[in-house]
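Below are the chains, spelled out letter by letter.
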Number of protein chains: 2
Amino acid sequence: MATETERAASAPEEYDLIIIGAGSGNTIPSPELADRSIAIVDDGERFGGTCLNVGCIPTKMYARPADLAHELRAGDRLGMRADGLALDWAAVRERTYGRIDPISDGGEEYRAAGEPNTTLVRETVRFTGREVDGRHELVSASGRVLRGRDVVIAAGSRPRELDAVPLGGRVVTNAEALRLESLPERVIVIGGGAVASEFASIFSGFGAEVVQLNRSMPLRSVDPDVSATFCRVAAWDIRCGVEVVASTAVDDGVRLELSDGTALDAGLVLVGVGRVPNSDRLDAAAAGIDLHDDGRIAVDAHQRVLRDGAPVAGLWALGDVSSEHQLKHVANEEARIVAANLVAAATGAPLRRNELGPVPTAVFTSPEVAAFGDSLDAARERGIDAFAVRHDYAWTAWGWALADETSFCKLVVERGSGRLVGAQIIGPDAAILIQPLVQAASLGHPVRGLARAQYWPHPAATEVVENALLKAEEELDREPADPADPARPAEETRD
Amino acid sequence: MATETERAASAPEEYDLIIIGAGSGNTIPSPELADRSIAIVDDGERFGGTCLNVGCIPTKMYARPADLAHELRAGDRLGMRADGLALDWAAVRERTYGRIDPISDGGEEYRAAGEPNTTLVRETVRFTGREVDGRHELVSASGRVLRGRDVVIAAGSRPRELDAVPLGGRVVTNAEALRLESLPERVIVIGGGAVASEFASIFSGFGAEVVQLNRSMPLRSVDPDVSATFCRVAAWDIRCGVEVVASTAVDDGVRLELSDGTALDAGLVLVGVGRVPNSDRLDAAAAGIDLHDDGRIAVDAHQRVLRDGAPVAGLWALGDVSSEHQLKHVANEEARIVAANLVAAATGAPLRRNELGPVPTAVFTSPEVAAFGDSLDAARERGIDAFAVRHDYAWTAWGWALADETSFCKLVVERGSGRLVGAQIIGPDAAILIQPLVQAASLGHPVRGLARAQYWPHPAATEVVENALLKAEEELDREPADPADPARPAEETRD
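Below, the structure is looked at part by part.

Definitions and limits used
Residues numbered from 1 in each chain as written. Chains lettered and ligands numbered in written order. Predicted model: local features only at pLDDT ≥ 70, side-chain atom pairs only at ≥ 80, totals over all residues. Heavy atoms only, no water. Buried < 20%, exposed > 50% of the residue type's maximum accessible area, 1.4 Å probe, protein only. Helix = DSSP H or I, 4+ residues; strand = E, 2+ residues; numbered from the N terminus. Arc of directions from axis to C-beta. Contact = heavy atoms within 4.5 Å. Polar contact = N/O pair within 3.5 Å; in protein donor to acceptor, adjacent residues only side chain to side chain. Buried area = accessible area lost by both parts, 1.4 Å probe. Salt bridge = Lys/Arg side-chain N within 4 Å of Asp/Glu carboxyl O. Nonpolar A, V, L, I, M, F, W, Y, C, P; charged D, E, K, R; others polar. Pairing = 2+ DSSP bridges.

1. Digging into helix α7 (residues 224–233) of chain B
Residue and element names in this part refer to chain B.
Step number 1: All of the buried residues in α7 are V226, S227, T229 and F230. Viewed end-on, α7 has its buried residues packed into an arc of 165 degrees, placing them on one side of the element.
Step number 2: Along its buried surface, α7 packs onto α6 (194–205), β11 (209–213), β12 (237–239), β21 (369–373), β23 (408–414) and β24 (420–426).
Step number 3: Its side-chain oxygen at 2.8 Å from the backbone nitrogen of D225, D223 defines the N-terminal cap of α7.

Structure below.
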């Protein structure tokens, strides 16, 4: 077998465009780029990136039945019982990958053989730091040398590892968890972000006894009330302020020693403590590319990669490898910007800016969570004169239908402008309920007048949003008062 | 007991404001009207109107567990089994009226004794046709004479009756159905509108064998595709193009003879064939009030009642008794307009117009339906050069999570302006998913640019709306083509 040095000596492959990463990067080739020679690089076990194979999409196919199971187990309050409730992990796995694997396979096949101008490279690549004839040079693990006039870095991220809990055996990440043959009776999930929380909700919904371990609080970046409500409502055991000190393989599972001196055994441990951008695997630093402290590649507003603070001609990045939002809808938007700018840069047209409004995030747990923008604390830390209002599902007719006593919608509003600075929703359908607020904030519509500018069908869940907006308007209409005035709510107005 | 004539001879009661109907009408008294003497008239068995007592609100408290039950019974596709699923009708009834009756009672008590300027009249009233000293005169069933400088007619509507199926015994309407002691094994629902369809879905969800009889098709006013899909997906037996010829009481139930020559037996028959405005009970015609052909009171854009086409000073109407939309959210908006105009008329300020944008309707069935504006057929009948696009849930990741093969979102768009003329959604969460579209149409935002002006969190159900909008934009971007061009879709673009 040829060594890397020998292969590097073989003829370099020259491309107009190299795309590293076939997740959102795979959406870039378009009719406008049909005359360019393109190499698509994907070193994933399965073609197509995190979202399709081990992220957003398959998790939802497990989350949906899990959510129904959670609701049914609390069905007493709705006059429902289902003593024989059973979820079939293997059946869901078959259904999920029976749908997804063919998409991945088909995508790979198409990139390998579907277009004469496209070459598929199924290897890890890294920058050599060289530029030859205006082309950025990459070398693959097997020693292929690829040179691209444009290189799009869409290499994504990978699960962060924990020194105290080495991966392997019954210690897994999201990448392995969904394809498990079966679900053990007892599972420990380490982490409090969206990924860890979704897996905890899924495992619990499928009937496992779940403990979720959090260094601080789950979903704490969203809002303290959301975080506290999540802890109170979730059907599984959530432990806060605890870290894992050590892990040992034991019969049929893993034993974790915790910072509080206790130990926990489980048949499975999922590590979900955040994600690391894959810039290191690319030797981005060796190529002189600017990195943020957390390893993300620095880009400008046109998604151009920066070197010493200045954009590098022909180097672009998008998605988890560079974005502050590790979200598929953000990566897709960034891919649209890069696709447009690849064309624009070639013609000298003005480059498109990444300036899309607030970024919503949705966590498909039970209870569901969605949010965008700042919490009240975050807004105030940024020096914004903001207030928050909260409306509970329980104060709407739909909340009565749900027999819901815990869910709510919270709005953070700038006092002077009436601008929506942020929103947080915890409860059924949060991911959908957030959209009218995202739309208003994106189109620059202030809170004032928004509720009464449209009908909200009675008695749909959207009435919780309508009423939160009305409360915010009431608060905006108040005279600026002495902050010590007890009539002025510091944070929340309740019915 | 005094006869009506005798009582009419007793001293007339003079009010600044008489409100007939304590549904949305009950929201009118406000601090701005605190100096007026007000009579509130409600002849309902329970105080507070249709929505609270026998309509929107209690039905949702049954619809929610019913919907979950429908989803669980089709749970195989999600890898779920819920053997022994049982819904407890009596428990839901207790929960529902344990919450609602105290609201009704409290509302009645407050109106009876809570405010010195307010008198509660728990009787049916009718117009005498007389005006005395600029006051409209009413007489109650017991003969009380009430005269009001302003009279707000918010008397609502009642179930339409069927000659062939007289009410009584085991033949009921929505007014009685929710308080039944128990649910019979077999129920027939007559009608295809929102009310009938919701009850069919509830009864079926609670485990009854349900037959829904439709003169034409259920929900046919929404859209033909929606109607056909509803028939295909609903878990109960829907029969179209059939009428009831006769009904007979039989042991433990009712036998219906149908226009197709067959007969059906059931333990309960619910008649849900539309609603009749209560203008006749008020003798509105005797007072010279203009009526539409269907009995609705005619009003102008300020909610002023018309006589011979001209507004009558001091007469106002709102809600089902006058509106073309028998919807609570519409009645509430009309009540806000009347409340504002009662004040404006007294001060000579300009009256507020009823000009709020498209009216969404939501049907909380399984499958759920929501819509606003025109179907494609309706738009074309109105001479609008419109097209429709359809996006199926099945073409989104959330649709995969639901294992959904039948739900969709349809948009009707005016070709030139790109204006959203209507939208129809059938499928889970339709009532929430419609809101971003309602908001855009209400604020005058055209289809073009709407999808890409905001993030849609991946992979939430809202992606079906996002993708429908993108399809509509594609269609708008097409060159106007020969209608015979097969490349131009007549109605729908599919993936």
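2. Here we look at the interface of chain B and chain A
The figure often quoted for interface size is the accessible area lost as the parts come together.
Step number 1: Counting from both sides, the interface comprises 74 residues of chain B and, opposite them, 74 residues of chain A.
Step number 2: Interface area, chain B with chain A, both sides summed: about 6,400 Å², of which 67% is carbon and sulfur.
Step number 3: At the junction of chain B and chain A, the tally comes to four salt bridges.
Step number 4: E405(A) is the salt-bridge partner of R99(B), the closest N and O atoms lying 3.5 Å from each other.
Step number 5: Across the chain B-chain A interface, the total number found is 23 residue pairs in polar contact (both at pLDDT 80 or more).
Step number 6: Breaking the side of chain B that touches chain A down by element, the ones donating at least two residues are α3 (56–73), β3 (80–87), α4 (89–113), α8 (328–347), α10 (397–402), α11 (430–433) and α12 (435–442) of chain B.
Step number 7: Per-element accounting of the side of chain B that touches chain A gives the leading share, 10 residues, to α3(B).
Step number 8: Counted by class, the side of chain B that touches chain A contains 47 nonpolar, 12 polar and 15 charged residues.
Step number 9: Alignment of strand β3 (residues 80–87) of chain A against β3(B), held across seven bridges, turns out to be antiparallel.

3. Structural notes on unusual backbone geometry
Step number 1: Between S366(A) and the following residue, P367(A), the backbone shows a cis peptide bond with an omega angle of 10 degrees.
Step number 2: As for its position among the elements, P367(A) is in the loop between β20 (361–363) and β21 (369–373).
Step number 3: The backbone of D429(A) sits at a positive phi, close to 65 degrees, despite the residue not being glycine.
Step number 4: Examined against the element boundaries, D429(A) turns out to sit in the loop between β24 (420–426) and α11 (430–433).
Step number 5: A positive phi is found at D133(B), a non-glycine position, where the angle reads about 55 degrees.
Step number 6: Relative to the helices and strands, D133(B) resides in the loop between β5 (125–132) and β6 (135–140).

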